[in-house]
Amino acid sequence: MNLCYHNDGEKLMFSRSILKLKRQRLNRVIRDRSSRQGSRIFIEGRELINFASNDYLGLASHPEVVEAARASLGEFGFGSGASRLLGGGSIPHLMLEDKVARFKGTDAALVLNSGYAANTGIIPAIAGEGDVLFSDELNHASIIDACRLSKSEKIVYRHADVDHLSELMKKKKGKRLIVVSDTVFSMDGDIAPLTKIYDLCSSSRSGSRAANQVILYLDDAHGTGVLGNGRGALAHFGIAPDPWIIQMGTFSKALGSFGAFVAGSKNTIEWIVNTARSFIFSTAIPASAAAAAGKAVEIVTSSPDLIRRLWNNRDVLITALKKKGYDTGVSETPIIPLKMKSVKEALGLARHLEDKGIYAPAIRPPTVKTPRVRITVTAEHTEADITALVKALADYS
Ligand SMILES: Cc1ncc(COP(=O)(O)O)c(C=O)c1O
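Keep in mind that what you see is a predicted model, and the values were worked out from it rather than measured. Counting from 1, residues in each chain are numbered in the order their sequence is written. Selection of residues for local features in this predicted model requires a pLDDT of at least 70, selection of side-chain atom pairs for listing and counting requires 80 or more, and totals for whole chains, interfaces and linings are taken over all residues. Think of the side-chain values as coming from all heavy atoms in the structure, minus any hydrogens and water.

### Comments concerning empty space enclosed by the protein
Step number 1: A cavity here means a set of points on a 1 Å grid, drawn over the protein atoms and nothing else, where a 1.4 Å probe fits but cannot get out; a pocket is an open set with protein on both sides within 12 Å along at least five of seven lines, and a residue lines either one if it has an atom within 4 Å of a point. Grid points are joined across faces, edges and corners, and a volume is the space filled by probe spheres set on the points. What the rule picks out here adds up to two cavities of 30 Å³ or more.
Step number 2: In this structure, the largest cavity spans a volume of roughly 60 Å³.
Step number 3: Residues are grouped as follows: nonpolar covers Ala, Val, Leu, Ile, Met, Phe, Trp, Tyr, Cys and Pro; charged covers Asp, Glu, Lys and Arg; every other residue, Gly included, is treated as polar. Grouping the constituent residues of the lining of the largest cavity by class yields four nonpolar, four polar and one charged.
Step number 4: For the second largest cavity, the calculated volume is near 30 Å³.
Step number 5: Every residue lining the second largest cavity is listed: Gly38, Ser39, Asn50, Ser53, Asp55, Thr378 and Glu380.

This is how it looks when you write it as structure tokens:
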């Protein structure tokens, strides 16, 4: 690549910063596949068993999902040409929203360009000046950035600590409170205590004169397609999708596609259409991506065996890891962190695994506080894949 710098000082500044990152072993490197996404991938000419993707159900390369995209390409072409409000949308977008609303049990839904765009667009749109945002300390980076963009007051509560959240909410009587949480935490694989959070929000909404207006905003990126027979975290906990709950999720993980959605009341969706800047000022996702996501929603709804396979694989792997004495933290889902004492150890383990034909990169600060190798097991893995991972781990000393 031929980079042109107008200013030598700037060039020097980045060189030093990059060198510093490298010395700390914190530099990030892109490694691209020469194959489809799946449980087996090719990187740099080598076949690896892939324990790094969020394609939990193997839908990214599912023939019906691929065919839905292909058929849509023939009809709608590729690029969507404009933002949704300027004619960039198409019938597949509309059909997808209808499917998502039924899937999530809400009156309406809206397609957005990515999970990152959904959070950074919606959160500032629903939490403005005079409001108070409460965010779990381990929420995804896109929520952290969304909080930075919001003009509301922001308060971070201790991870999954509903007593702490309650204490903090009590100090803000009479204000509009917006509680934001991941449903499944993407680096630890634990599930938010949603029944308690729901009860807390519900009780601060009702009753006394000092009742608050409360909105519960859930990022169900890793719950959709995984929890609640695929319908996500609310279904998992048996919580009704009340109009004061806003469910965001992505098509990019278990649904094997691209883009994101928000599901809620008609008013909520209308407000987001009118105020979420990442929706208003960005080109719509291609119709083919919407068609693929729509097919994936249909598959999830009609294939309980796929989800069963995912959970069975998860149980087999976690049982084997625990038997070998690995610290898998608080994981309750197919996301399983193997926490390490140092960046060096995490990188060493990832390198060892790759030597043994297994792809599971290290996750380091600042993404997480404690370095780790993050394993994600999917419905596509075979028993032999899981055995190979456990054996490769056992060989590491
Ligand atoms: C919890 C959570 N929210 C949002 C996102 C962003 O989604 P996307 O990759 O579609 O931008 C991710 C993905 O990494 C995530 O893990």
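Back to the write-up after that little detour.
### Some points on the packing of aromatic side chains
Both the distance between ring centres and the angle between the ring planes are used here to describe each pair of aromatic rings.
Step number 1: Centres within 6.5 Å are what make two rings of Phe, Tyr or Trp a pair, Trp counting through its six-membered ring; a difference in plane orientation under 30 degrees is then read as stacked, over 60 as edge-to-face, and the rest as tilted. All told, the structure shown has two aromatic pairs when counted by the stated rule.
Step number 2: Centre to centre, the rings of Tyr198 and Trp244 are 5.3 Å apart; their planes meet at 20°, and the pair counts as stacked. With Tyr198 in helix H7 (residues 194-205) and Trp244 in the loop between helix H8 (233-237) and strand E8 (245-250), the pair connects residues that are 46 residues apart, well separated along the chain. The pair Tyr198 / Trp244 is uniform in exposure class, with both members buried.
Step number 3: Note on Phe251 and Phe261: the rings are 5.4 Å apart at their centroids and 45° apart in plane angle, and the pair reads as tilted. One end of the pair, Phe251, is in the loop between E8 and strand E9 (260-264); the other, Phe261, is in strand E9, with 10 residues separating them in the sequence. Each helix is a run of H or I in the DSSP string that is no shorter than four residues. Each strand is a run of E no shorter than two, and both are numbered from the N terminus. When accessible area is computed with a 1.4 Å probe and restricted to protein chains, residues below 20% of their type maximum are described as buried, those above 50% as exposed, and intermediate ones as partly exposed.

### Describing helix H11 (residues 287-302)
Step number 1: A helix's residues, less one, multiplied by 1.5 Å, set its expected span. If you check H11, its first and last C-alpha atoms are 23 Å apart, about what 16 residues at 1.5 Å a residue would give, namely 22 Å.
Step number 2: By the criterion of burial, H11 is predominantly enclosed, with 12 of the 16 residues buried.
Step number 3: Listing the buried residues of H11 in full gives Ala287, Ser288, Ala289, Ala290, Ala291, Ala292, Ala293, Gly294, Ala296, Val297, Ile299 and Val300.
Step number 4: In this analysis, two residues are considered to be in contact whenever any of their non-hydrogen atoms come within 4.5 Å of each other. Packing partners of the buried residues in H11 comprise helix H2 (63-76), helix H3 (91-104) and helix H12 (304-323).

### So, a nonpolar patch on the surface
Step number 1: Residues Phe76, Ile91, Leu94 and Met95 make up a contiguous nonpolar surface patch of about 380 Å² in total accessible area.
Step number 2: The leading source of residues in the nonpolar patch is H3, at three residues.
Step number 3: Assignment of secondary structure puts Ile91 in helix H3.
Step number 4: A relative accessible area of 49% places Ile91 in the partly exposed class. Two distance rules govern patches: like charges are joined within 9 Å, and nonpolar side chains (Val, Leu, Ile, Met, Phe, Trp, Tyr) within 5 Å, applied only to residues with over 30% relative accessible area and no salt bridge. Only the protein chains shown count as covering a residue, and every accessible area follows the Shrake-Rupley method with a 1.4 Å probe. Here, a salt bridge means any Lys or Arg side-chain nitrogen found within 4 Å of an Asp or Glu carboxyl oxygen.

### Description of the nonpolar core
Step number 1: Throughout, nonpolar core names a set of buried Ala, Val, Leu, Ile, Met, Phe, Trp, Tyr and Cys residues whose side chains join them through atoms within 4.5 Å. Counting residues in each nonpolar core, the largest one holds 59 residues, and the members touching the most others are Leu57, Phe134 and Val179.
Step number 2: Each residue touching Val179, except ones within four places of it in the same chain, is listed here: Phe134, Tyr157, Leu165, Met169, Ile197, Cys201, Ile215, Leu216 and Tyr217.

### Quick look at the sheet that holds strand E13 (residues 372-376)
Two orientations exist for strands paired in a sheet by backbone hydrogen bonds: parallel and antiparallel.
Step number 1: We treat two strands as partners when DSSP finds at least two bridges between them. Here we have three strands laid out as an open sheet, ordered E10-E13-E12, and antiparallel in their pairing. What marks the edges here is a single partner per strand, and that holds for strand E10 (335-339) and strand E12 (362-363).
Step number 2: Bridging between E10 and E13 involves five bridges; their strand directions are antiparallel. Bridge assignment links Ile336 to a residue of E13, and that residue is Ile375.
Step number 3: In this analysis an axis means a line fitted to C-alpha atoms, helices contributing only their contacting stretch, and an angle means the value between N-to-C directions, from 0 to 180 degrees. The sheet contacts of helix H13 (residues 343-355) involve E10, E12 and E13, and relative to E13 the element is tilted by about 45°.

### Quick word on helix H4 (residues 115-126)
Step number 1: Spanning 12 residues, H4 covers 16 Å between terminal C-alpha atoms, matching the ideal 16 Å at 1.5 Å per step.
Step number 2: In terms of residue burial, H4 counts as a mostly covered element, since 10 of its 12 residues are buried.

### Considerations on the pattern of salt bridges
Step number 1: What the rule picks out here adds up to 19 salt bridges.
Step number 2: Here Asp188 makes a salt bridge to Lys339, at a shortest N to O gap of 3.1 Å. Of the two residues, Asp188 is situated in the loop between strand E6 (176-182) and H7 and Lys339 in strand E10; the sequence distance between them amounts to 151 residues.
Step number 3: Relative accessible area serves as the criterion here: at 10%, Asp188 is assigned to the buried category.
Step number 4: By relative accessible area, Lys339 is classed as partly exposed at 27%.
Step number 5: Lys356 is the salt-bridge partner of Asp395, the closest N and O atoms lying 3.8 Å from each other. Separated by 39 residues along the polypeptide, Asp395 in the segment after helix H14 (383-394) and Lys356 in the loop between H13 and strand E11 (358-359) bring together distant segments of the chain.
Step number 6: A relative accessible area of 37% places Asp395 in the partly exposed class.

### Notes on the pairing of strand E1 (residues 40-43)
Step number 1: Residues Ile41 and Ile43 line the buried face of E1, whereas the alternating positions Arg40 and Phe42 sit on a face that is not buried.
Step number 2: Relative to strand E2 (residues 46-50), E1 is paired through four bridges, and the arrangement is antiparallel. Looking across to E2, one finds that Ile41 is bridged to Leu48.
Step number 3: Between the antiparallel neighbours E1 and E2 lie two residues, among them Glu44 with a positive phi of about 50°.

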